[in-house]
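Structure at a glance
In case you want the letters, here they are:
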Amino acid sequence: PTDEVVELAKVAGRMGGIYISHMRNEADGIVDSVRETIAIGERGGLPTQVTHHKVIGKKYWGRSTETLKLIDEARARGVDATIDAYPYTASATSIQAALLPAWAQEGGREALMKRLDDPATREKIKAESARIIREERGGGDPKNVVASSCRFDASLAGKNLSEITAKRGLPVTIENAADTAMWIVMEGGCQGIFHAISEEDLQRILVHPATMIASDGEIPIFGQAVPHPRSYGTFVRVLGRYVREKKLLTLEAAVRKMSSFPAQRLGLADRGVLRPGLKADFAIFDPARIADTATFEKPHSYAAGVSTVIVNGQIVFENGAIAATRPGRVLYGPATVSRP
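Here's what I pulled together on the structure shown here. Just so you know, these numbers come straight off a predicted model, no measurement behind them.

1. Some details on the state of the cysteines
The final tally for this structure, using the stated rule, is 1 disulfide. Each sulfur of the disulfide joining Cys-150 and Cys-190 lies 2.0 Å from the other. One quick way to see it: the torsion about the S-S bond of Cys-150 and Cys-190 is about 110 degrees, and its sign makes the bridge right-handed. Taken together, the residues span a long stretch of sequence, with Cys-150 in strand E5 (residues 145-150) and Cys-190 in strand E6 (residues 190-195) at a distance of 40 residues. Relative accessible area serves as the criterion here: at 3%, Cys-190 is assigned to the buried category.

Structure representation (structure tokens):
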């Protein structure tokens, strides 16, 4: 319940913390979810952030106008509310989290398996999963859901829900795709990529003054599985596509959204800007060449146009080669006591 999260937030706030929320709902309940995220920060007395903000499902496209208005109104009355976002019209999470209703997952995997084993409850889950495929994460077509990695069958990586459904010998319908989603979960689960975000919402969120850039990605093993390209291309995609090509942002504004703004937000006072005495973290790139090369089909591809990367004053990438040095360090928040 919201009240419980508020109580936790109060403690974190007293220790210099921040509430960064993977909201409850990014489709039909997105406006209420943003409202709740703001309320937790406002009542908890700490900064609050809507993380990887997006609007999922064609039925709900355009609602970023409402969510951003809520952020503006909160900031106007003194709430320290911000946003982060990534520049792709597809999200990524597990098939289970995305395509099965939340109520079915309550209590963990064992409780979920019991519900799926009960014929009457399974039908209810299937009906709700079909609705989610039709209206939300599925974008109205099982082809919009792509498995990125599967614990129980590596060969499924890169295949969409239509293909997996057909491989199971079922006619490709939304209802059968829902059945396939439940089968995937019962077999051990897959991570998935979900094409159900509009470019208009993406751009509207990206340019908002309270938005910073974050990948919401992972550090994948090169060549393994078929992960979301955001893990390779988020920041350079903003610089190449939305700065140079679309001129949606100035270069300076985009760089700030990736460097000083998030560093300030996380309380990292010794980095994020170029200034004598601070940590020397640089990415040196050519604005005319910077580009993402990772695609949804071939995500394991590094950025173009970056010549040098320096971390804590030491070169870690230069002339296309990664150095053996590892000068990076874990960065602790403001509430941390001294550590070795």
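2. Considering helix H12 (residues 251-258)
Turning to H12, its buried residues are Ala-254, Lys-257 and Met-258. End-on, the buried residues of H12 take up no more than an arc of 95 degrees, which puts them together on one face.

3. With respect to unusual backbone geometry
Despite not being glycine, His-52 has its phi angle at roughly 35 degrees, a positive value. As for its position among the elements, His-52 is in the loop between strand E2 (48-50) and helix H3 (64-76). Overall, the relative accessible area of 4% leaves His-52 in the buried class. Phi at Asn-312 takes a positive value of approximately 50 degrees, unusual for a residue other than glycine. Here Asn-312 is to be found in the loop between strand E9 (306-311) and strand E10 (314-318). Classification of Asn-312 by relative accessible area gives partly exposed; the value is 23%.

4. A few points about the pattern of salt bridges
Across all of its chains, the model carries 21 salt bridges by this definition. For Arg-122, the salt bridge is made with Asp-179, and the minimal N-O distance between the two is 3.6 Å. Here the residue Arg-122 occupies a position in helix H7 (residues 119-135), and Asp-179 occupies one in helix H9 (residues 174-187), the gap between them amounting to 57 residues. We classify Asp-179 as buried; its relative accessible area is 14%. The partner of Arg-230 in a salt bridge is Asp-216, and the shortest N-O contact between them spans 3.4 Å. Taken together, the positions of Arg-230 in helix H11 (residues 230-245) and Asp-216 in the loop between strand E7 (211-213) and H11 put the pair 14 residues apart, joining distant regions of the chain. We classify Arg-230 as buried; its relative accessible area is 6%. One salt-bridge network, in which partners are shared between bridges, spans Lys-59, Glu-128, Arg-131, Glu-135 and Glu-136.

5. As for the nonpolar core
Counting residues in hydrophobic clusters, the biggest one holds 31 residues, and the most contacted among them are Val-34, Ile-38, Ile-71, Leu-206, Val-238 and Ala-254. Elements with a minimum of two residues in this core: helix H2 (30-44), H3, strand E3 (81-85), helix H10 (199-207), H11 and H12. Counting residues per element, this core draws most heavily on H11, which supplies 5 residues. Contact partners of Leu-206, with chain neighbours within four places excluded, come to Ala-85, Thr-211, Ile-213, Tyr-242, Leu-248, Leu-249 and Lys-257. Residues Met-113, Val-145, Ala-147 and Met-182 belong to the second largest nonpolar core, which totals 27 residues.

6. Thoughts on the layout of surface pockets
Of the volumes computed, that of the second largest pocket is approximately 560 Å³. In this structure, the second largest pocket is lined by 20 residues; those nearest its centre are Met-23, Arg-24, Asn-25, Ala-97 and Ala-102. Put simply, the parts of the chain that give the lining of the second largest pocket at least two residues each are helix H4 (95-99), helix H5 (102-105) and H7. For the lining of the second largest pocket, the leading source of residues is H7, giving 3 residues. By residue class, the composition of the lining of the second largest pocket is 9 nonpolar, 4 polar and 7 charged.

Rules of the game
Residues numbered from 1 in each chain as written. Predicted model: local features only at pLDDT ≥ 70, side-chain atom pairs only at ≥ 80, totals over all residues. Heavy atoms only, no water. Disulfide = S-S within 2.5 Å. Helix = DSSP H or I, 4+ residues; strand = E, 2+ residues; numbered from the N terminus. Buried < 20%, exposed > 50% of the residue type's maximum accessible area, 1.4 Å probe, protein only. Arc of directions from axis to C-beta. Salt bridge = Lys/Arg side-chain N within 4 Å of Asp/Glu carboxyl O. Core = buried A, V, L, I, M, F, W, Y, C linked by side-chain atoms within 4.5 Å. Contact = heavy atoms within 4.5 Å. 1 Å grid on protein atoms, 1.4 Å probe; cavity = no way out; pocket = protein on both sides within 12 Å on 5 of 7 lines; lining within 4 Å. Points joined across faces, edges and corners; volume = space filled by probe spheres on them. Nonpolar A, V, L, I, M, F, W, Y, C, P; charged D, E, K, R; others polar.

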